[in-house]
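What follows is each chain in one-letter form.
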Number of protein chains: 2
Amino acid sequence: MSEPTGLRARKKERTRDAIGDAAVSLFLERGFDRVSVNDIAAAAEISKPTLFRYFPTKEDLVLHRFADHQGEAARVVRDRRSGIEPVTALHRHFRAGLDRYDPVTGLNDHPEVVAFHRLVFTTPSLAGRLTRYQLEDEEALADALGEGIQARLRAAQVLAVQRVLARTNWQKIADGRTADAVHPEAVADADQAFNQLR
Amino acid sequence: MSEPTGLRARKKERTRDAIGDAAVSLFLERGFDRVSVNDIAAAAEISKPTLFRYFPTKEDLVLHRFADHQGEAARVVRDRRSGIEPVTALHRHFRAGLDRYDPVTGLNDHPEVVAFHRLVFTTPSLAGRLTRYQLEDEEALADALGEGIQARLRAAQVLAVQRVLARTNWQKIADGRTADAVHPEAVADADQAFNQLR
DNA sequence: ATGACCGAGTTGCTTTTTTAACCGAGTAAC
DNA sequence: GTTACTCGGTTAAAAAAGCAACTCGGTCAT
């Protein structure tokens, strides 16, 4: 099930986590542009070149948490059981995310998670780069859906729906409500949105 | 006072400590020859060649704690204030060690320390290698004391005295007495032994 | 407007570590 | 007696990390 992790791989993963965690915690503490990459490298106890070997840009230090979900939509469509509509598969997947309060659904009231979302959405360079990630995600989904303009449109619409749903959930939670309390309407919203998509 | 530790030096020191600690704790747990160097490397999360780059032999994984005191006697003699006899300086230094319950004086009842001493003295290959360390220590002390056979003899006698004192203290503690309780006689023994040396 | 500084990212070189394979001695199986 | 282990210790090649010095764009003083 799990690969026989060698020493090398294990340490690399740990270093990556250490850098990412140090970066996010510093960003949350002082804000994105009040923290230099030197600060992060120092906190993670690695050198600057090493930092950039793990993350191509400063922005990616934040966005790797989204990047981990990169291509997820496309994969869901590709891996669906035969006889299932793509939109249905995506709908179920999103709903499953809701049920386990996956941060990407916006339905998560852990203080760190909500602070993290605020960080991303209120820092222009981050929001900017995030849309770039979403574009790639969209293309991958389009390819999974088929060819031509039709597939592109569908992909764009699906991801737009997911963005709106996540944003809505996050907003409610930012207003002070708990994830548990919001969950029912989040499910209802998702059902309505995905059904309209069909 | 402390050198400006770079990243490299800091990590090296940490690795060395990790290896040494892992080794000693495994040895105390299962005995010297029931632990392979592979086990130690695995516990310290480093590879076998790396282990041997830090410690030349398996024995040194235990004895580095003594090695850290390597040449201490010689240094004490060299750094003594003018007008002070070498033996006096060594006597005071040993006594100071007693007062702070330095493990090398044998006067320390921390369970880990006493178990550690038992490990060293009851494992032949360790005891053997330990005498080699002591030989080097003796030579260094001889050089600090002067030249010729006279200095050598003095050095040998001093170190023999220290060994006997440490061994005696350890034995009393191994018999179940506390370091506090043994301290007065330890001091008396030391005074007598060093005075006889003069 | 110029020069000094700071921060993101890069480059070239060196040191450290991993990996896998090996050696040589001991030892248990058969 | 040969075979096949285990264990201490070594070797060579390749990956990873450290370090210092650099580029390049901006910002701020003078």
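Calculation rules
- Residues numbered from 1 in each chain as written.
- Chains lettered and ligands numbered in written order.
- Predicted model: local features only at pLDDT ≥ 70, side-chain atom pairs only at ≥ 80, totals over all residues.
- Heavy atoms only, no water.
- Helix = DSSP H or I, 4+ residues; strand = E, 2+ residues; numbered from the N terminus.
- Rg over C-alpha atoms; globule rule 2.2 N^0.38 Å.
- Contact = heavy atoms within 4.5 Å.
- Areas by Shrake-Rupley, 256 points an atom, 1.4 Å probe, with all protein chains shown as cover.
- Near = heavy atom within 4 Å.
- Polar contact = N/O pair within 3.5 Å; in protein donor to acceptor, adjacent residues only side chain to side chain.
- Nonpolar A, V, L, I, M, F, W, Y, C, P; charged D, E, K, R; others polar.
- Salt bridge = Lys/Arg side-chain N within 4 Å of Asp/Glu carboxyl O.
- Buried < 20%, exposed > 50% of the residue type's maximum accessible area, 1.4 Å probe, protein only.
- UniProt positions renumbered as here; feature names shortened; annotations may be inferred.
- Domains from an automatic or database assignment.
- Buried area = accessible area lost by both parts, 1.4 Å probe.
- Least-squares fit on C-alpha atoms with pLDDT ≥ 70 in both.
- Axes fitted to C-alpha atoms, helices over the stretch in contact; angles between N-to-C directions.
- Left-handed = near helix turned anticlockwise from the far one by under 90°.

As recorded in an unreviewed UniProt entry, chain A goes by the name TetR family transcriptional regulator, listed as coming from Streptomyces acidicola.

Help me understand the overall build of chain A in this model?
Within chain A, the regular secondary structure consists of ten helices and zero strands. Reading chain A from its N end, one meets helices and strands in the order α-α-α-α-α-α-α-α-α-α. Compactness check: chain A gives a C-alpha radius of gyration of 18 Å against a globular reference of 16 Å for 198 residues, within 12% of the reference. For chain A, the C-alpha atoms occupy an extent of roughly 50 × 40 × 35 Å along the three principal directions. In chain A, the proportion of contacts linking residues at least 24 apart, taken out of those at least 6 apart, comes to 66%. Within the structure as shown, chain A displays about 11200 Å² of accessible surface, and the carbon and sulfur contribution to it stands at 51%.

Is there a simple way to explain the protein's contact with DNA strand C in this structure?
Taken together, 21 residues are adjacent to DNA strand C, and Lys-11 and Lys-58 of chain A together with Lys-12, Thr-50 and Arg-53 of chain B come closest. Considering DNA strand C, the proportion of its atoms within 4 Å of the protein that are sugar or phosphate atoms stands at 67%. The contact in question runs from a phosphate oxygen of DNA strand C to an N or O atom on the backbone of Leu-7 of chain A, over 3.0 Å. A distance of 2.6 Å separates a phosphate oxygen of DNA strand C from a polar backbone atom of Lys-58 of chain A. Sorting the residues of the surface near DNA strand C by element identifies α1 (7-30) and α3 (48-54) of chain A together with α1 (7-30) and α3 (48-54) of chain B as the ones contributing at least two each. Ranked by residues supplied to the surface near DNA strand C, first place goes to α3 of chain B with four residues. When the residues that make up the surface near DNA strand C are grouped by side-chain class, the tally is eight nonpolar, five polar and eight charged.

Explanation requested: the pattern of salt bridges in the structure shown.
Two side chains of opposite charge can pair, provided their charged atoms sit close to one another. Inspection of the entire model under this criterion finds 26 salt bridges over all chains. For Glu-185 of chain B, the salt bridge goes to Arg-177 of chain B, with nearest N and O atoms at 2.6 Å. Using a relative accessible area of 33% as the deciding quantity, one classes Arg-177 of chain B as partly exposed. Connected through shared salt-bridge partners, Lys-172, Arg-177, Glu-185 and Asp-189 of chain A make up one network.

Sorry if this is basic, but what is going on with the UniProt feature "domain: HTH tetR-type" (unreviewed entry) in chain A here?
The positions that UniProt labels "domain: HTH tetR-type" (unreviewed entry) are, in the present scheme, residues 13-73 of chain A. For residues 13-73 of chain A, the helix share is 70%, the strand share is 0%, and the end-to-end C-alpha distance is 24 Å.

I tried to follow the protein's contact with DNA strand D on my own but got confused; where do I start?
Neighbouring DNA strand D are 22 residues; Lys-12 and Thr-50 of chain A together with Lys-11, Lys-48 and Lys-58 of chain B lie closest to it. Contacts to DNA strand D include Tyr-54 of chain A, whose side-chain N or O atom sits 2.7 Å from a phosphate oxygen. Those elements that place two or more of their residues in the surface near DNA strand D are α1 and α3 of chain A together with α1 and α3 of chain B. Tallying contributions element by element places α3 of chain A first for the surface near DNA strand D, with four residues. A breakdown of the residues in the surface near DNA strand D according to their chemical character gives eight nonpolar, six polar and eight charged.

Can you walk me through the interface of chain B and chain A in this structure?
By a frequent convention, interface size equals the accessible area lost on bringing the separate parts together. On the chain A side, the residues contacting the seven residues of chain B number seven residues. The tally of links from chain B across to chain A stands at four salt bridges. Residue Glu-45 of chain A is joined to Arg-14 of chain B by a salt bridge in which the shortest nitrogen-to-oxygen separation is 2.9 Å. Seen at the junction of chain B and chain A, the total is six residue pairs in polar contact (both at pLDDT 80 or more). For the side of chain B that touches chain A, the residue count by class is two nonpolar, one polar and four charged.

For this particular structure, what's the right way to read the domain arrangement of chain A?
All names here are of chain A. In terms of domain boundaries, chain A breaks down into domain 1 (7-56) and domain 2 (65-197). One C-alpha centre belongs to domain 1, the other to domain 2, and the line joining them spans 27 Å. Listed by partner, the interface residues are six residues for domain 1 and eight residues for domain 2. Summed over both partners, the interface of domain 1 with domain 2 comes to about 590 Å²; 75% of that surface belongs to carbon and sulfur atoms. For the domain 1 face of the interface with domain 2, the top three residues by lost area are Val-24, Leu-28 and Phe-32, together amounting to 75%. Summed over the shared surface of domain 1 and domain 2, the number is one salt bridge. One salt bridge in this structure joins Asp-21 and Arg-65, with 3.8 Å as the shortest N-O distance. On inspection of domain 1 and its partner domain 2, the count reaches zero residue pairs in polar contact (both at pLDDT 80 or more). Residue composition of the side of domain 1 that touches domain 2, grouped by class: four nonpolar, no polar and two charged.

Sorry, what's going on with the relation of the copies chain B and chain A here?
The relation between the two copies of this chain is a rotation about an axis and a shift parallel to it. With an RMSD of 0.2 Å, the fit of chain B onto chain A corresponds to turning through 180° and sliding 0.3 Å along the axis. Put plainly, the chains are arranged around a two-fold axis. Of the C-alpha atoms belonging to chain B, the one lying closest to the rotation axis is found on Lys-11 of chain B, 6.7 Å away. Of the interface residues in chain B, 100% have counterparts in chain A that sit at the interface too, so the contact is made through matching surfaces.

What am I meant to see in the packing of helix α4 (residues 60-67) of chain A against helix α7 (residues 111-122) of chain A here?
Two measures define how a pair of helices packs: the angle their axes make with one another and the distance between the axes. Residues and elements named next belong to chain A. Axis separation between α4 and α7 bottoms out at 11 Å; the angle between their running directions is 115°. α4 and α7 meet at a crossing whose hand is left-handed. On α7, the residues touching Val-62, Leu-63, Arg-65 and Phe-66 of α4 are Glu-112, Phe-116, His-117, Leu-119 and Val-120. Per-class residue counts for the contact of α4 with α7 are six nonpolar, one polar and two charged.

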